[in-house]
Amino acid sequence: MKKGNPTVGVVIGAILVIMLVILAYIIYCAVYTASNGTDYAYLGDYALFINEEDNLAPNYEKNDLIFAKRETYYSTNQIVVYNYNSSYRLGYVVKTSTSKYYIGDAMSTSFDKLYETTYENIVGSAQGRISGVGGLFKILTSTVSLIVIVVVFGLFIMFAKEK
């Protein structure tokens, strides 16, 4: 009887581990956002943000996956992810006052065009980015992806040969 190639087993095992990590992340995010009433799930003090626009290009471009860290306060010239008219965007803190932050971007630098917000509306400060993987990350963490992962994992368990 001919035995299968062990490399195929390692590749399939690696794919399953990655799928299970993504599944665990999706479930964690769903439980965290539902239980805390927030739009972003924090793991420690970090959240992931997909940049949807080029307002701070070339440093942060569209479809970048950005790591945002929740901090106790934000200082001037710090890049932050903030709630802007019921969506989230990237900007930098131009000015701070007692309980308010004034945020701008590369396109609107004059003081009369700054967006005024509070600490509660800031997700976190940008700590790093992975360029161009935001679209892929959005697909991998979608509901359809969750269903595909569960089905593929179930099929693998059903058809896996016992030794």
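Residues numbered from 1 in each chain as written. Predicted model: local features only at pLDDT ≥ 70, side-chain atom pairs only at ≥ 80, totals over all residues. Heavy atoms only, no water.

Some remarks on the pattern of salt bridges
Tallying each qualifying case throughout the model produces five salt bridges. Note that glutamate 52 is salt-bridged to lysine 138, the shortest N-O span being 2.8 Å. With glutamate 52 in the loop between strand S1 (46–50) and strand S2 (65–69) and lysine 138 in helix H2 (residues 134–140), this pair connects stretches of sequence that are 86 residues apart. In this structure lysine 138 comes out as partly exposed when scored by relative accessible area, which is 42%. Where glutamate 116 meets lysine 100, a salt bridge forms, and the shortest distance between an N and an O atom there is 3.2 Å. (Salt bridge = Lys/Arg side-chain N within 4 Å of Asp/Glu carboxyl O. Helix = DSSP H or I, 4+ residues; strand = E, 2+ residues; numbered from the N terminus. Buried < 20%, exposed > 50% of the residue type's maximum accessible area, 1.4 Å probe, protein only.)

Observations regarding helix H1 (residues 6–36)
Within an α-helix, residues lying three or four positions from one another point in the same direction, as the helix has 3.6 residues per turn. In this model, H1 (31 residues) spans 45 Å end to end at C-alpha, consistent with the 45 Å of a helix rising 1.5 Å per residue. Those residues of H1 not exposed but buried are Leu16, Met19, Ile22, Leu23, Ile26, Cys29 and Tyr32. Residues of H1 that are buried make contact with H2 and helix H3 (143–159). (Expected span 1.5 Å × (residues − 1). Contact = heavy atoms within 4.5 Å.)

Overview of the nonpolar core
In terms of nonpolar packing, the biggest core is built from 16 residues, with Phe49, Tyr60, Ile66, Val81, Leu90 and Val123 touching the most fellow members. Only H1, S1, S2, strand S4 (87–96) and strand S7 (122–130) provide two or more residues apiece to this core. Beyond its immediate stretch of four places on either side in the chain, leucine 90 contacts Phe49, Asn51, Asn55, Leu56, Tyr60, Ile66, Ile79, Val80, Val81 and Tyr82. Core analysis: the second largest hydrophobic core is formed by seven residues, Tyr74, Tyr101, Ile103 and Ile122 among them. (Core = buried A, V, L, I, M, F, W, Y, C linked by side-chain atoms within 4.5 Å.)

Remarks on the pairing of strand S5 (residues 101–104)
On S5, burial covers both faces: Tyr101 and Ile103 on one face and Tyr102 and Gly104 on the other are all buried. Two elements, S4 and S5, share four bridges in a ladder whose sense is antiparallel. Each residue of the ladder has a partner; that of threonine 96, found in S5, is tyrosine 101. Counting the residues between successive antiparallel strands, the hairpin from S4 to S5 contains four residues. (Pairing = 2+ DSSP bridges.)

Notes on the layout of surface pockets
One simple way to see leftover space: roll a probe sized like a water molecule over the atoms. What the second largest pocket holds in volume is close to 430 Å³. For the lining of the second largest pocket, the secondary structure elements donating two or more residues are H1, S1 and H2. The biggest single contributor to the lining of the second largest pocket is H1, with five residues. Partitioning the lining of the second largest pocket into residue classes produces 11 nonpolar, two polar and three charged. (1 Å grid on protein atoms, 1.4 Å probe; cavity = no way out; pocket = protein on both sides within 12 Å on 5 of 7 lines; lining within 4 Å. Points joined across faces, edges and corners; volume = space filled by probe spheres on them. Nonpolar A, V, L, I, M, F, W, Y, C, P; charged D, E, K, R; others polar.)

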